[in-house]
Amino acid sequence: EAALRRSLLLIELLKEEIAKHQNAVSLCLNTYEIDEALRADKVAIVLALEGCSQIGEDISLLRTFYQLGVRMASFTHLGRTLLADGSAEDKAGSRLPHSGTAALAEMERLGILFDVSHLSLNGVEHALELATKPLIASHSSARALCDHHRNLGDEHLKAIADTGGVICVNFLPAFIDADKPTLERVVDHIEHIVGVAGIDHVGLGPDFIADWAKAVYPNVPMKILGIDLKDGIDGLAGTEDLPNVTSALEARGMAAKDIRKVLGENVLRLFEEVLV
């Protein structure tokens with residue numbers, strides 16, 4: 001119940017902020033509004049739920065959040081909710097419960113993009129069996145390069161691509177390399193996913209949260225299951241450093257049209273297919 005209240009308050013806060021800065025940002029409910037925002041040189045905001053604790057087993061609340069503007073959702077955040085187990089619960093071996101399968105079907109009906117990032121291994125496989133629309137991994141990297149439970153194996157990268165979906169590479173050091181996380185290793189993950197899933201199915205999901213963690217909890221260690229939320233990669237501290245990714249991809253010889261796909265065109269195409 002606290003999660004539901006908190007979510008509603010956060011959505012209201014977001015809408016208040018957008019109203020204050022309407023010349024710079026827009027809350028977008030469909031691809032037409034995204035295109036309009038980009039043409040006006042605004043930041044296009046697509047509202048998502050990371051974890052669905054606020055839903056519980058009340059699937060009808062997905063309709064409520066859709067009406068409030070939510071267009072993407074993941075069922076869990078590392079741990080367990082009533083809709084699914086997170087990746088930190090892989091040892092439980094759980095597939096989606098009845099509530100989770102019903103929620104996935106309702107999201108597809110409404111036009112809410114299903115996000116498999118944070119979902120358990122068996123949960124990802126179950127979602128892939130059930131999905132009739134493209135899926136997204138909004139911030140996950142390649143397990144073949146960094147064996148972390150938050151990353152996806154090659155079989156899942158390929159299967160998400162087969163749905164028409166997109167895998168967006170996470171920049172958190174723990175998911176990039178256990179020993180030497182660098183910008184070059186981030187590009188290694190991008191290139192690996194391109195090789196497995198194809199150039200039309202790769203995006204960026206940086207997970208830039210270090211600045212937030214330092215600002216909100218300046219004197220408190222911020223670690224979740226060994227993941228240091230205040231840690232970052234040199235040259236990839238925040239959105240201002242994203243041009244470094246472009247430069248690194250250019251240095252690897254990636255064509256300009258393919259770089260544009262990675263930087264956002266693939267995700268825009270996915271939105272066009274799912275958001276109605």
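Whatever comes next refers back to the structure up there.
Residues numbered from 1 in each chain as written. Predicted model: local features only at pLDDT ≥ 70, side-chain atom pairs only at ≥ 80, totals over all residues. Heavy atoms only, no water.

**Examining the sheet that holds strand β8 (residues 202-204)**
At step 1: If you walk across this open sheet you meet the 3 strands as β6-β7-β8, and the pairing is parallel. Each edge of the sheet is formed by a strand with only one pairing partner; in this case those strands are β6 (136-137) and β8.
At step 2: With 3 bridges joining them, strand β7 (residues 166-169) and β8 adopt parallel strand pairing. Its bridge partner lying in β8, Ile167 is registered against Val202. (Pairing = 2+ DSSP bridges. Helix = DSSP H or I, 4+ residues; strand = E, 2+ residues; numbered from the N terminus.)

**With respect to the pattern of salt bridges**
At step 1: Summed over the entire model, instances satisfying the criterion amount to 16 salt bridges.
At step 2: Here Glu106 and Arg63 are joined by a salt bridge, their closest N and O atoms 3.2 Å apart. Of this pair, Glu106 sits in helix α4 (residues 98-110) while Arg63 sits in helix α3 (residues 60-67), and the two are 43 residues apart along the sequence.
At step 3: Using a relative accessible area of 11% as the deciding quantity, one classes Glu106 as buried. (Salt bridge = Lys/Arg side-chain N within 4 Å of Asp/Glu carboxyl O. Buried < 20%, exposed > 50% of the residue type's maximum accessible area, 1.4 Å probe, protein only.)

**Quick look at the sheet that holds strand β3 (residues 47-50)**
At step 1: Strand order in the open sheet formed by 3 strands is β3-β4-β5, with parallel pairing between adjacent strands. Since the sheet does not close on itself, it has two edges, and those belong to β3 and β5 (113-114), each with one partner.
At step 2: Of the pairings in the sheet, the one linking β3 to strand β4 (residues 70-74) comprises 4 bridges and is parallel in character. Each bridged residue has a counterpart across the sheet, and for Ala48 the counterpart in β4 is Met72.

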